[in-house]
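So the chains spell out like this:
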Amino acid sequence: MTWTEEGRTVADPVRSPVPPEVPFLGPFVAAGVFGPLETGVVATYARLVEAHPDELLALAVAVRGSELGHVCVRLGEIPRSLVVEGSDPATLEALDWPTARRFGEVLGSGRLTRPARSARDGVSGPVLPLVLDGDRLYVQRQWADETTVVEEVRSRLAAAAPGESDTELEGLLDEVFGPEGPAPDRQRLAAAMAVTGPITVISGGPGTGKTRTVARTLALAHLVGRARGRPPRVALAAPTGKAAARMGEAVAGEIELLDLPEEILAPMAATPHTTIHRLLGAGPTGFRRDATQPLLHDMVIVDEVSMVSLPLMTALLAALRRGTRLVLVGDPYQLASVEVGALLADMVEGAARSPSGPLAARVVTLDRVHRFGAESGIARLAGLIRGRDPGGVLNLLEDPAAGDPTTGETVWIDPAADSRDPTAALVADLVTWGRELVAVARDGEAETALGTLARRRVLCAHRRGPSGVDTWNGRLEQRVLAATDNRPTRAGWYPGRPVMVTRNDHRTDLFNGDTGVAVVIDGELKVAFEGPDGPRLLDPGGLPEVVTVWAMTIHKSQGSEFGHPVVVLPDPPSPLLNRELFYTGVTRARSRVTVVASRGAVEVATSTAVVRASGLAERLSGQP
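Cut-offs applied
- Residues numbered from 1 in each chain as written.
- Predicted model: local features only at pLDDT ≥ 70, side-chain atom pairs only at ≥ 80, totals over all residues.
- Heavy atoms only, no water.
- Helix = DSSP H or I, 4+ residues; strand = E, 2+ residues; numbered from the N terminus.
- Buried < 20%, exposed > 50% of the residue type's maximum accessible area, 1.4 Å probe, protein only.
- Contact = heavy atoms within 4.5 Å.
- Axes fitted to C-alpha atoms, helices over the stretch in contact; angles between N-to-C directions.
- Parallel < 35°, antiparallel > 145°, perpendicular 65-115°, else oblique.
- Left-handed = near helix turned anticlockwise from the far one by under 90°.
- Nonpolar A, V, L, I, M, F, W, Y, C, P; charged D, E, K, R; others polar.
- Core = buried A, V, L, I, M, F, W, Y, C linked by side-chain atoms within 4.5 Å.
- Domains from an automatic or database assignment.
- Pairing = 2+ DSSP bridges.

**A look at the environment of Cys72**
Thought 1: Along the chain, Cys72 turns up in the loop between α3 (53-67) and β3 (73-74).
Thought 2: For Cys72, a relative accessible area of 3% translates into the label buried.
Thought 3: With 68 residues separating them along the chain, Cys72 and Gln140 place their C-alpha atoms 9.7 Å apart.
Thought 4: What Cys72 contacts, discounting residues up to four positions off in sequence, is Arg136, Leu137, Tyr138, Ala613, Ser614 and Gly615.

**Notes on the side chain of Ser621**
Thought 1: Assignment of secondary structure puts Ser621 in the segment after α24 (616-620).
Thought 2: With residues up to four places along the chain from it excluded, the contact list for Ser621 reads Gly350, Arg353, Ser354 and Gly357.

**A closer look at the packing of helix α16 (residues 377-386) against helix α17 (residues 390-397)**
Thought 1: Following both chains from N to C, one finds α16 and α17 inclined at 160 degrees, their axes separated by 8 Å at the closest point. In terms of their interaxial angle, α16 and α17 are classed as roughly antiparallel. Seen from above, α16 lies across α17 with left-handed handedness. Residue-level inspection shows Gly377, Arg380, Leu381, Leu384 and Ile385 of α16 in contact with α17, the latter providing Gly392, Val393, Leu396 and Leu397.

**Things to note about the packing of α16 against helix α22 (residues 579-586)**
Thought 1: Two elements in contact, α16 and α22, have axes whose closest approach is 9 Å; the angle formed by their N-to-C orientations is 170 degrees. Classified by the angle their axes make, α16 and α22 are roughly antiparallel. The residues of α22 that touch α16, namely those facing Ile378, Leu381, Ala382, Ile385 and Arg386, are Arg579, Phe582, Tyr583 and Val586.
Thought 2: Looking at the contact of α16 with α22 residue by residue, the classes come out as seven nonpolar, no polar and two charged.

**A word on the nonpolar core**
Thought 1: Within the largest apolar cluster, 43 residues are counted, with the highest numbers of intra-cluster contacts made by Val302, Met313, Leu316, Leu326 and Met347.
Thought 2: When we break this core down by domain, the ones giving at least three residues each are domain 1 (23-139) and domain 2 (165-371).
Thought 3: In this view, Leu316 contacts Leu279, Leu280, Leu295, Val302 and Leu326; residues no more than four positions away in its chain are not counted.
Thought 4: Formed by 36 residues, the second largest nonpolar core is a distinct cluster that contains Ala191, Met193, Ala194 and Val251.

**Brief notes about the environment of Phe28**
Thought 1: Topologically, Phe28 is positioned in helix α1 (residues 26-30).
Thought 2: Classification of Phe28 as buried rests on a relative accessible area of 4%.
Thought 3: When the C-alpha positions of Phe28 and Trp97 are compared, they lie 9.6 Å apart, and in sequence the two are 69 residues distant.

**A look at the sheet that holds strand β19 (residues 524-529)**
Thought 1: Spatially, five strands are ordered β20-β19-β18-β17-β21 in an open sheet, and the strand pairing comes out antiparallel. At either end of the open sheet lies a strand with only one pairing partner, and these are β20 (536-538) and β21 (546-548). Neighbour to neighbour, the strand axes of the sheet diverge by 40 degrees on average, direction disregarded.
Thought 2: Relative to β20, β19 is paired through three bridges, and the arrangement is antiparallel. From the neighbouring strand, Val527 faces β20, where its bridge partner is Leu538.
Thought 3: Strand contacts of helix α19 (residues 446-453): β17 (498-501), β18 (515-521), β19 and β20, with the helix running at about 145 degrees to β18, the strand carrying the most contacts.

**Description of the pairing of β18**
Thought 1: The pairing of β17 with β18 spans three bridges and is antiparallel. Within β18, the position partnered with Pro498 by the bridge is Val517.
Thought 2: Direction of pairing for β18 relative to β19: antiparallel, over a ladder of six bridges. Bridge pairing in β19 links Val517 to Ala528.
Thought 3: Hairpin connection from β18 to β19: two residues lie between these consecutive antiparallel strands, with Asp522 at a positive phi of about 50 degrees.

**Here we look at the domain arrangement of the chain**
Thought 1: What the domain assignment reports for the chain is domain 1 (23-139), domain 2 (165-371) and domain 3 (377-607).
Thought 2: The C-alpha-based centres of domain 1 and domain 3 are spaced at 39 Å.

Structure follows, in structure tokens:
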């Protein structure tokens, strides 16, 4: 039996029997390291190949690492790279693991593993499940994907098509951005790079103007197209339907602010926005668009790239014609994809590692905050978390002015600071918000209800446990129902119920992560969702699967914004306590944020970075 915790598959050791071919995996299964997938794969190879138990153990490790999001596993970092929520790091360390040197020796037998050098040089030989590149051990598919991305990036940058002349481009940039001032304008630089280079990475935190830059890049591309006498074919894409819809809405809002001719604005507004999967023509057997049937676009702009997995980027690069300009936009400090890799962070790191690397001149970092002042509490807190400064974070959270429950921007509640319930006042405040939501929902004010819903949200690290989504959802729902005399239907519906869609549904045009609220319209219960021209009202019975979201996971909140979110962190030790998760939660805030966490949780979350093992940064920087 297995269950999933935010993209991680966790084995139940009691219900994961060990196949007779691999009895040496027994202690590892009992400790929760491996489950049915790993034992099944290894048992299959044990029947086919006469391999040493340590080789087969390495195969199990590589498969498990891939399941946990690693592109590879480093031989010297086993077993800590396999720690997941619910496992005991000390127990894992105590298992009988071979040393890195021993792993290297047995993997050199060639029975299950191919050296990276022979694979790179095209040396013929059997297809083996593993590739060893230095101290990095890959499942063959992940090594192939990483190699494809490295080679595609290098070859596209080496064969860059000529762009506009400096004089012509400066004139067009002035049309979009106005005359350049004395201070460098990094948004202007990013747009210029995007229309002249094959690959551009635009990196920046929340409120730094990434969407504004995308809209102006789109405008610049159309101005260049007008100068050439051929309108550009541009696609806006994102990894999820929710992110794609949000990208389209945000860019449309920025387009309205541009003072450009209608002949430029009209095609800009008509630019399609879609998911990467739809763009590539995803189907039951794979993607329709590939190297043999490439996309015909002149430019593809991808938002929320931190959520893009390595395999998906591999497929996208394979489907781009030579000459298509690719613009990648995102925040490298946010949580990575729930699938394999930390692509954006690796690309930014690879560019920073080597000034002479292929990406060094193709990454622009937007560092000026526009959403809130650079000295605001939220901006300062995000910066301290990003800089892994636990002392600075605690000093800010302990600042009486910043943490004032009524006026402060960064409120901290330490559950361990009081024997009584220190969250009681917070819960009462959230119930007041819930009562307001129910009131406008009963009055049929769908647009107001959606606005009220966006004001608050509890964001948790995981679903289960005392600080998880299930606990907070139950706690708030019970109190709001009691305070509003609400009686749910058998299906759980009631006016004011906040819900989130959990799977894409093209019939209703709803996507995984979309949120709505139940409202009473002409005596009937409907569910309101944001739409391009106002609220969309749908029947509850016609919706795809939904869950109640007084609280949601921080993973699911990526790309969303709330007026005043509550970020709840679990107590250490927890593998989910990390900088990226804490940073993502805090940066969902527009005006205020409340952090519910012990001092130890704040310290661990701030100082611990997510480690997604891969060789992409090293290989893009020119290192072996």
